[in-house]
Amino acid sequence: MMKDTYIKRYESGRYSLIAMAAFTLVNIVLLFFGSDLYFIFSASIPYFTAIFPWILAIEDPSYTAFVVPMTLAAILMLVPYVLAFFLGKRPEKYGWMILALVCFAIDTVGFFVLFGISIDGIIDLVFHGWILVSLVLAVVSAVKLKSAGLETVEIKMPETEQAASDSESRE
């Protein structure tokens with residue numbers, strides 16, 4: 001019973017991680033194309049990296065030359081999160097989740113440094129806390145699986161994917 005709980009927590013951490021990376025990427029792309037739309041379930045430092053040349057360009061248009069390189073740098077900052085999601089698929093590979101946790105903890109500190117604490121940022125801060133807790137629970141669950149000797153865990157696919165996989169293997 002506890003094994004299933006630990007697996008669910010680990011998977012929940014992974015999916016929170018990839019959702020955050022996806023929303024951050026969408027935010028960066030929307031910013032690049034001039035949209036004011038912003039999803040709060042995202043990382044702060046990559047977004048700030050992408051928006052920084054735009055802010056500077058208001059005062060001095062020569063900073064627009066930095067928009068593309070800084071946007072690419074912001075997108076590259078998402079690579080550790082994406083790697084952690086894909087390479088940390090199995091709980092015994094939880095070192096990748098530790099990497100994601102450390103990166104996102106740094107991002108949360110960056111949020112405080114860049115934006116401080118304000119009413120405007122409280123919802124963003126709540127989502128940062130949620131992702132941090134999700135990643136901590138994922139790591140703790142993987143460690144508990146390992147200590148219980150359950151580290152080689154088969155992650156169950158949803159029934160529809162399992163049925164499709166079974167029918168393909170029979171062909």
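Residues numbered from 1 in each chain as written. Predicted model: local features only at pLDDT ≥ 70, side-chain atom pairs only at ≥ 80, totals over all residues. Heavy atoms only, no water.

The tally for this structure, following the rule as stated, stands at 2 salt bridges. Of the charged contacts, one joins glutamate 92 and arginine 90 as a salt bridge, the two residues approaching to 2.7 Å between their closest N and O atoms. For arginine 90, a relative accessible area of 29% gives the class partly exposed. (Salt bridge = Lys/Arg side-chain N within 4 Å of Asp/Glu carboxyl O. Buried < 20%, exposed > 50% of the residue type's maximum accessible area, 1.4 Å probe, protein only.)

With 87% of its residues at a pLDDT of at least 70, the protein chain reaches an overall mean of 87. Mean pLDDT per element in the protein chain: helix H7 (residues 159–170) is the minimum at 52, and helix H4 (residues 79–87) is the maximum at 97. (pLDDT = per-residue confidence, 0-100. Helix = DSSP H or I, 4+ residues; strand = E, 2+ residues; numbered from the N terminus.)

This brings us to helix H1 (residues 2–32). With 31 residues, H1 should reach 45 Å at 1.5 Å per residue; the first-to-last C-alpha distance of 45 Å fits that figure. With its phi angle positive at about 85°, glycine 34 sits one or two positions after the end of H1. (Expected span 1.5 Å × (residues − 1).)

Two measures describe an aromatic ring pair: the distance that separates the ring centres and the angle between the ring planes. A full pass over the atoms with the stated rule returns 15 aromatic pairs. Taken together, a centroid distance of 5.2 Å and an interplanar angle of 40° make the contact between phenylalanine 23 and phenylalanine 39 tilted. Highlighted residues: phenylalanine 23 in helix H1 and phenylalanine 39 in the loop between H1 and helix H2 (44–59), separated in sequence by 16 residues. For phenylalanine 39, a relative accessible area of 30% translates into the label partly exposed. Ring geometry for phenylalanine 23 versus phenylalanine 41: centroids 6.0 Å apart, planes at 85°, classification edge-to-face. With phenylalanine 23 in helix H1 and phenylalanine 41 in the loop between H1 and H2, this residue pair connects regions lying 18 residues apart in the sequence. According to the relative accessible area criterion, phenylalanine 23 is partly exposed, its value standing at 32%. Taken together, the aromatic side chains of Phe23, Phe39, Phe41, Phe127 and Trp130 make up a single cluster linked through ring pairs. Residue placement shows arginine 14 over the ring face of tyrosine 15; its charged tip is 5.6 Å from the ring centre. (Phe/Tyr/Trp six-rings, centres within 6.5 Å; stacked < 30°, edge-to-face > 60°. Lys NZ or Arg CZ within 6 Å of the ring centre and 35° of its normal.)

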